[in-house]
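Here are the chains, one letter per residue:
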Amino acid sequence: SGVLSLVLISSVFFVGFGGVRKPLFSLAGLMCGLGWTLAYAAATVGHLNFITVTMVSMLMGLGIDFGIHLLFRFEEERESGSDGLESLEKTIKTTGVDTLVGATATAASFLALTATDFRGVSDLGVLASGGVLLCFFSTVTVLPALLGLFPSEGQRQLFLRDSLADLEKGILGRSRLVLSLTLVMLLIG
């Protein structure tokens, strides 16, 4: 499931970002964080079981969010005319702090699982909470380092930005219809 998660996340990321290099940088940060998480698992719990092994797929989905937020913010800064280093600094000062708050809240939520008497779920809480923080830390260290080593060649529009903006405007323009359809689906569900 971990390999499948990685392939699907990569595919969506490449298409959504309209390129390969920067998504690969973000994935490198994620893989580093997952590696650190496995070392953390060996040092703390000492084993994986049928419940805790699911944390790899969960952390891929949660951990890539940090890279997505940082990359999109970095691209926004580049499009506004900032150079590479200045864009990195602004990105980390703004989005880096915001994602730290999100990572800490997510880690605290997983840490709440440690209160259970069932050892597999308790172990999952320990591993997932540490894993989220390690994935965040690897993203805010590895990703900016790679972006700094391999600066982009000028500004580039993101692949799906215009079409997604049009879709968003269309949905917002039909908010009553969307709300009605959502309520109908909720009632059916």
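One structure accompanies this document, and this report is about it. (Residues numbered from 1 in each chain as written. Predicted model: local features only at pLDDT ≥ 70, side-chain atom pairs only at ≥ 80, totals over all residues. Heavy atoms only, no water.)

Observations concerning the pattern of salt bridges
Part 1: Applying the stated criterion across every chain, the model contains six salt bridges.
Part 2: Between Glu 77 and Arg 73 there is a salt bridge, with the nearest N and O atoms lying 2.8 Å from each other. Taken as a pair, Glu 77 and Arg 73 lie in helix α3 (residues 55-79) at a separation of four residues, close to a single helical turn.
Part 3: The class of Glu 77 is buried, set by a relative accessible area of 7%.
Part 4: The exposure class of Arg 73 is partly exposed, given its relative accessible area of 23%. (Salt bridge = Lys/Arg side-chain N within 4 Å of Asp/Glu carboxyl O. Helix = DSSP H or I, 4+ residues; strand = E, 2+ residues; numbered from the N terminus. Buried < 20%, exposed > 50% of the residue type's maximum accessible area, 1.4 Å probe, protein only.)

Considering the packing of aromatic side chains
Part 1: Overall, the coordinates contain two aromatic pairs when judged by the stated rule.
Part 2: Their ring planes at 35° and their centres at 5.9 Å tell us that Trp 36 and Phe 137 sit as a pair that is tilted. Of this pair, Trp 36 sits in helix α2 (residues 21-44) while Phe 137 sits in helix α5 (residues 119-149), and the two are 101 residues apart along the sequence.
Part 3: Judged by relative accessible area, Trp 36 falls into the partly exposed class, the value being 32%.
Part 4: Exposure remark for Phe 137: the relative accessible area of 45% places this residue in the partly exposed category.
Part 5: Measuring from ring centre to ring centre gives 5.6 Å for Phe 66 and Phe 136, while their planes differ by 85°; the resulting arrangement is edge-to-face. Of the two residues, Phe 66 is situated in helix α3 and Phe 136 in helix α5; the sequence distance between them amounts to 70 residues. (Phe/Tyr/Trp six-rings, centres within 6.5 Å; stacked < 30°, edge-to-face > 60°.)

Topic: the nonpolar core
Part 1: One finds Leu 30 and Leu 147 to be the most contacted residues of the largest nonpolar core, which totals 31 residues.
Part 2: Here Leu 147 is in contact with Lys 22, Phe 25, Leu 71, Phe 74 and Leu 88, once residues within four sequence places are set aside. (Core = buried A, V, L, I, M, F, W, Y, C linked by side-chain atoms within 4.5 Å. Contact = heavy atoms within 4.5 Å.)

Remarks on the side chain of Ser 10
Part 1: One can find Ser 10 in helix α1 (residues 2-17).
Part 2: Side-chain polar atoms of Ser 10 contact the backbone oxygen of Leu 6, separated by 2.7 Å. (Polar contact = N/O pair within 3.5 Å; in protein donor to acceptor, adjacent residues only side chain to side chain.)

Notes on the packing of α1 against α3
Part 1: In the contact formed by α1 and α3, the axes pass within 10 Å of each other and the chain directions differ by 20°. Regarding the angle of α1 to α3, the classification is roughly parallel. In this structure, α1 meets α3 at a crossing whose hand is right-handed. Across from Gly 2, Ser 5, Leu 6, Ile 9, Phe 13 and Phe 17 in α1, the residues of α3 making contact are Val 56, Ser 57, Met 60, Gly 61, Ile 64, Ile 68, Leu 71, Phe 72 and Glu 75.
Part 2: Partitioned by chemical class, the residues of the contact of α1 with α3 number ten nonpolar, four polar and one charged. (Axes fitted to C-alpha atoms, helices over the stretch in contact; angles between N-to-C directions. Parallel < 35°, antiparallel > 145°, perpendicular 65-115°, else oblique. Left-handed = near helix turned anticlockwise from the far one by under 90°. Nonpolar A, V, L, I, M, F, W, Y, C, P; charged D, E, K, R; others polar.)

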